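Residues per chain, in single letters:
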Amino acid sequence: MVEKHKTRIGRVINNRMDKTVVVAVNTLKRFPKYRKTITWATKYQVHDEKNECRIGDVVKIMETRPLSRHKHWRVVEIITRGEVAEIKPQEIT
């Protein structure tokens, strides 16, 4: 089966916006001069219709029509939930 749209798997690093999350997708690239493999992170602003994603979640995203100036991707599914502890401001001091 040939997929029509590009898909990526990444980790949610920001969810402060309404119906938008920032997903970091890591890829391995070979540095040409030194032939060393480095991890390259690309950030995508992704549409999250139901505001379900939290920081640390691993999600699958798919390319879609332009939804705004920067949003061209949408969340397809949440693969795993992140293990981020919620800390209240009173607990810090």
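What you are looking at is a predicted structure, and each value in this text was computed from that prediction instead of being measured.

## Topic: the side chain of Asp57
Reasoning step 1: With respect to the helices and strands, the residue Asp57 is situated in the loop between strand 3 (36–47) and strand 4 (58–63).
Reasoning step 2: A polar contact of 2.9 Å, which involves the side chain of Asp57, links it to the side chain of Arg81.

## Some words on the sheet that holds strand 2 (residues 20–31)
Reasoning step 1: Read around the barrel, five strands follow the order 1-2-3-5-4 and close on themselves; strand pairing throughout is mixed. The mean inter-strand angle of the sheet, taken between neighbouring strand axes irrespective of direction, is 45°.
Reasoning step 2: Two elements, strand 1 (residues 7–17) and strand 2, share four bridges in a ladder whose sense is antiparallel. By the bridge assignment for strand 2, Val12 is matched with Val23.

## Structural notes on the pairing of strand 3
Reasoning step 1: Bridge count for strand 2 against strand 3 is twelve bridges, and the pairing is antiparallel. Looking at strand 3, one finds that Val22 is bridged to Gln45.
Reasoning step 2: Between strand 2 and the antiparallel strand that follows it, strand 3, lie four residues; Arg35 among them carries a positive phi value of about 55°.
Reasoning step 3: Pairing analysis gives two bridges linking strand 3 to strand 5 (residues 73–80), with the strands arranged parallel. Bridging across to strand 5, Val46 finds its partner in Trp73.

## Things to note about the nonpolar core
Reasoning step 1: The biggest cluster of nonpolar side chains holds eleven residues, and these are Val12, Val21, Val23, Val25, Tyr44, Val46, Cys53, Val59, Ile61, Trp73 and Val75.
Reasoning step 2: In terms of residue count, the dominant contributor to this core is strand 2 (three residues).
Reasoning step 3: Apart from the residues lying within four places of it in its own chain, the contact partners of Val75 are Val21, Val46, His47, Asp48, Cys53, Lys60 and Ile61.

## Some details on the pattern of salt bridges
Reasoning step 1: On inspection of all chains with the given rule, the structure shows two salt bridges.
Reasoning step 2: Here Glu49 and Lys19 are joined by a salt bridge, their closest N and O atoms 3.3 Å apart. Of this pair, Glu49 sits in the loop between strand 3 and strand 4 while Lys19 sits in the loop between strand 1 and strand 2; the two residues are 30 residues apart in sequence, bridging distant segments of the chain.
Reasoning step 3: For Glu49, a relative accessible area of 47% gives the class partly exposed.
Reasoning step 4: Here Arg81 ties to Asp57 by a salt bridge, and the two come within 2.9 Å at their closest N and O atoms. In this pair, Arg81 sits in the loop between strand 5 and helix 1 (89–92) while Asp57 sits in the loop between strand 3 and strand 4, placing the two residues 24 residues apart along the sequence.

Rules and cut-offs
- Residues numbered from 1 in each chain as written.
- Predicted model: local features only at pLDDT ≥ 70, side-chain atom pairs only at ≥ 80, totals over all residues.
- Heavy atoms only, no water.
- Helix = DSSP H or I, 4+ residues; strand = E, 2+ residues; numbered from the N terminus.
- Polar contact = N/O pair within 3.5 Å; in protein donor to acceptor, adjacent residues only side chain to side chain.
- Pairing = 2+ DSSP bridges.
- Axes fitted to C-alpha atoms, helices over the stretch in contact; angles between N-to-C directions.
- Core = buried A, V, L, I, M, F, W, Y, C linked by side-chain atoms within 4.5 Å.
- Buried < 20%, exposed > 50% of the residue type's maximum accessible area, 1.4 Å probe, protein only.
- Contact = heavy atoms within 4.5 Å.
- Salt bridge = Lys/Arg side-chain N within 4 Å of Asp/Glu carboxyl O.

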